[in-house]
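# Breakdown of the fold
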Amino acid sequence: MSDIRKVGVLGGGLMGSGIAQVSAAAGFPTVVREVSEQLCAKSRQSIEKSLAKSVERGKTTEAEREAALKNLRFVTALDDLSDSDLFIEAVVEDLEVKNKVWAELNGIAKTEAIFASNTSSLTIIAMAAASGRPDRMLGLHFFNPVPAMKLVEVVRTITTSEETERRAFQFVQALGKEPIRAKDSSGFVVNLLLIPYMLDAINALESNVASVEDIDKGMQLGAGHPMGPFTLLDFVGLDTAYKISEIMFTEYRDKRYAPPPLLKRMVLAGMLGKKSGKGFYDYSVNPPRVSSLGL
Ligand code: CAA
Ligand code: NAD
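Anyway, here's the lowdown on the structure attached to this text. All residue numbers refer to position in the chain's written sequence, counted from 1. Labels follow written order: the first chain is A, the first ligand is 1, and so on. Local features in this predicted model are restricted to residues whose pLDDT is 70 or higher, and side-chain atom pairs enter the listing and the counts only when it is 80 or higher, whereas totals over whole chains, interfaces and linings include all residues. Side-chain measures here rest on the full set of heavy atoms in the structure, leaving out hydrogens and waters.

### Things to note about the site of ligand 2
We call a residue near a given molecule or strand whenever any one of its heavy atoms falls within 4 Å of it. Around ligand 2 sit 23 residues, and of these Met15, Glu34, Glu93, Lys98 and Ser120 come closest. The side chain of Glu34 places a nitrogen or oxygen atom 2.5 Å from an oxygen atom of ligand 2. One nitrogen or oxygen atom from the main chain of Val91 is found 3.3 Å from an oxygen atom belonging to ligand 2. Sorting the residues of the shell around ligand 2 by element identifies α1 (14-25), α4 (95-108) and β6 (137-142) as the ones contributing at least two each. Each residue gets one label: Ala, Val, Leu, Ile, Met, Phe, Trp, Tyr, Cys and Pro are nonpolar, Asp, Glu, Lys and Arg are charged, and the others, such as Gly, are polar. For the shell around ligand 2, the class distribution of residues is 10 nonpolar, 8 polar and 5 charged. These domain boundaries are the output of an automatic or database domain assignment. The residues that make up the shell around ligand 2 include at least three from each of domain 1 (7-183) and domain 2 (191-278). Any pair of N or O atoms that falls within 3.5 Å is considered a polar contact. Within protein, one atom must be able to donate a hydrogen and the other to accept it, and sequence-neighbouring residues count only if both atoms are side-chain atoms. In DSSP terms, a helix is any run of H or I states spanning at least four residues, a strand is any run of E spanning at least two, and both are numbered starting from the N terminus.

### Quick word on the pairing of strand β1 (residues 7-10)
For the exposure calls, accessible area comes from a 1.4 Å probe over protein chains only, and a residue counts as buried if that area is under 20% of its type's maximum, exposed if over 50%, partly exposed in between. Judged by which residues are buried, β1 turns out to be covered on both faces: Val7 and Val9 on one side and Gly8 and Leu10 on the other are all buried. Paired strands, in this sense, are two strands between which DSSP finds at least two bridges. Here β1 runs beside strand β2 (residues 30-33); their pairing, made up of 4 bridges, is parallel. Note on β2: the bridge partner recorded for Val9 is Val32. Looking at chain direction, β1 and strand β4 (residues 86-89) are connected through 4 bridges and run parallel.

### What to know about the site of ligand 1
Neighbouring residues of ligand 1: 18 residues in total, closest Arg57, Ser120, His141, Asn144 and Asn191. In the environment of ligand 1, an oxygen atom lies 2.7 Å from a nitrogen or oxygen atom belonging to the side chain of Ser120. A distance of 2.8 Å separates a nitrogen atom of ligand 1 from a polar atom in the backbone of Asn144. Using a 1.4 Å probe, accessible areas were evaluated by the Shrake-Rupley method; residue-level cover was limited to the displayed protein chains. Contact with the protein chains covers 63% of the free accessible surface of ligand 1, which is 1000 Å². Classifying every residue of the shell around ligand 1 gives 11 nonpolar, 5 polar and 2 charged.

### So, the packing of helix α9 (residues 229-236) against helix α10 (residues 238-252)
Where α9 meets α10, the axes come as close as 6 Å, and the angle between the chain directions of the two elements is 95°. In this view, α9 runs roughly perpendicular relative to α10, as classed from their interaxial angle. Mapping the contact onto sequence places Leu233, Asp234 and Val236 in α9 and Leu238, Thr240 and Ala241 in α10. Here the contact of α9 with α10 is composed, by residue class, of 4 nonpolar, 1 polar and 1 charged. Under this scheme, a helix contributes an axis fitted over its contacting stretch, all axes are lines through C-alpha atoms, and angles between N-to-C directions fall in the 0 to 180 degree range. For this classification, under 35 degrees means roughly parallel, over 145 means roughly antiparallel, 65 to 115 means roughly perpendicular, and everything else is oblique. Between two residues, a contact is recorded if the distance between any of their heavy atoms is within 4.5 Å.

### Focus on helix α2 (residues 37-56)
Between its first and last C-alpha, α2 extends 28 Å over 20 residues, near the 28 Å set by a 1.5 Å rise per residue. Those residues of α2 that fall on the buried side of the exposure criterion are Cys40, Ser43, Ile47, Leu51 and Ser54. Down the axis of α2, the sector holding all buried residues measures 65°, keeping them to one side. In α2, the exposed residues that point more than 90 degrees away from the buried face are Glu37, Gln38, Lys42, Lys49 and Glu56. Looking one or two places after α2, you find Gly58, whose phi comes out positive at around 80°. The span expected for a helix works out to 1.5 Å for each residue beyond the first. Our arc is simply the arc of the directions from the helix axis toward the C-beta atoms.

### Looking at the nonpolar core
Only buried residues count toward a nonpolar core, which is a set of Ala, Val, Leu, Ile, Met, Phe, Trp, Tyr and Cys residues joined through side-chain atoms within 4.5 Å. One finds Leu140, Phe142 and Phe171 to be the most contacted residues of the largest nonpolar core, which totals 32 residues. No other element matches α1, which puts 5 residues into this core. Residues contacting Leu140, with those up to four places away along its chain left out, are Ala116, Ser117, Asn118, Val152, Glu153, Val154, Ala168, Phe171 and Val172. Ile202, Val212, Leu263 and Met266 belong to the second largest nonpolar core, which has 25 residues in total.

### Brief notes about unusual backbone geometry
Backbone torsion omega between Asn144 and Pro145 reads 0°, so that peptide bond is classified as cis. Among the structural elements, Pro145 can be located in the loop between β6 and β7 (151-156). Note the cis peptide between Asn286 and Pro287, where omega equals 0°. Structurally, Pro287 can be placed in the loop between β9 (281-282) and β10 (289-290). With a phi angle near 50°, Arg253 is a residue other than glycine that sits in the positive phi range. Along the polypeptide, Arg253 turns up in the loop between α10 and α11 (261-268).

Written out as structure tokens, the structure reads:
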């Protein structure tokens, strides 16, 4: 049984919206904080759409959908989250931005509240000092799309108390997710293995090993992956994938994590994947077709 009563989610993008949805659906009153009214509305719409789809598929009842929506609030003022027992941060993958959020939150949060980061590649210890509560800080790393992916990595850093880890673990179980324990090293378990794989696919494309479609098809049909690496990169967001690889490369100084030049060029061109309508694939047409990448 989780002793968490109320949840605050920072950031209502791809991940924050998914996390807020599963939290609200599991019965936790959940407040999402975004930086503008427009982004609050966007987050609400994406959750409404996802829940409607789940009802359509018969996975969620109409009553469960309504109850989940009743548990959700979208705000721009940080003060509106002050009574949360657990804060889950899902803002952009940038240490400075995240640490600014933690410092502000520490000023308004209850003493016993837990701070959890959904970071993909930063270490938790790099945020523990700014949080002002290093013993109540940990990583809770969810996977995209959050409503569909069962795993959450629970990351205890050297300052995290046992009590904090236990409370967070119970919360993850109350969401109906499967927690695993991971060490506080950049990329934890899954991204340590998954990021080099996705970057290798871009390197293979730049080396003319095969086309985008054939590399995707190869990994789907030859290795049983649910989606190929380019579809997955578009799904994760190329801006996020780029930031993750920069952070992991800086941490490990290992070329396996180095962002390929093509990834950087695409981000500079505003090709961020599904969320911007264009990445390795162009989503303005149905079915999506491969983008022209000037290779
Ligand atoms: N939002 C919410 N739920 C979604 C969804 C979405 N965008 N897309 C699919 N789902 C759900 C469906 O509702 C369905 O749920 P049920 O089984 O309960 O009915 C389930 O996912 C399967 O959906 P579909 O049958 O329509 O689609 P699919 O079989 O093609 O699977 C997928 C879709 C689950 C996304 C699958 O393609 C997949 O697993 N892809 C790989 C995803 C992955 O690797 N994610 C990790 C990314 S890396 C990361 O997250 C870490 C990081 O730090 C970057
Ligand atoms: P995103 O770009 O979709 O969303 C980030 C959101 O944070 C934006 O909507 C932005 O307006 C908001 N934001 C920025 N500063 C804020 C602040 N001070 N307060 C509140 N909101 C703020 O990014 P995302 O894909 O949701 O990623 C969020 C985090 O989750 C990152 O740390 C990322 O590495 C991690 N993550 C991403 C994935 C993925 O597949 N995309 C998977 C797991 C973890």
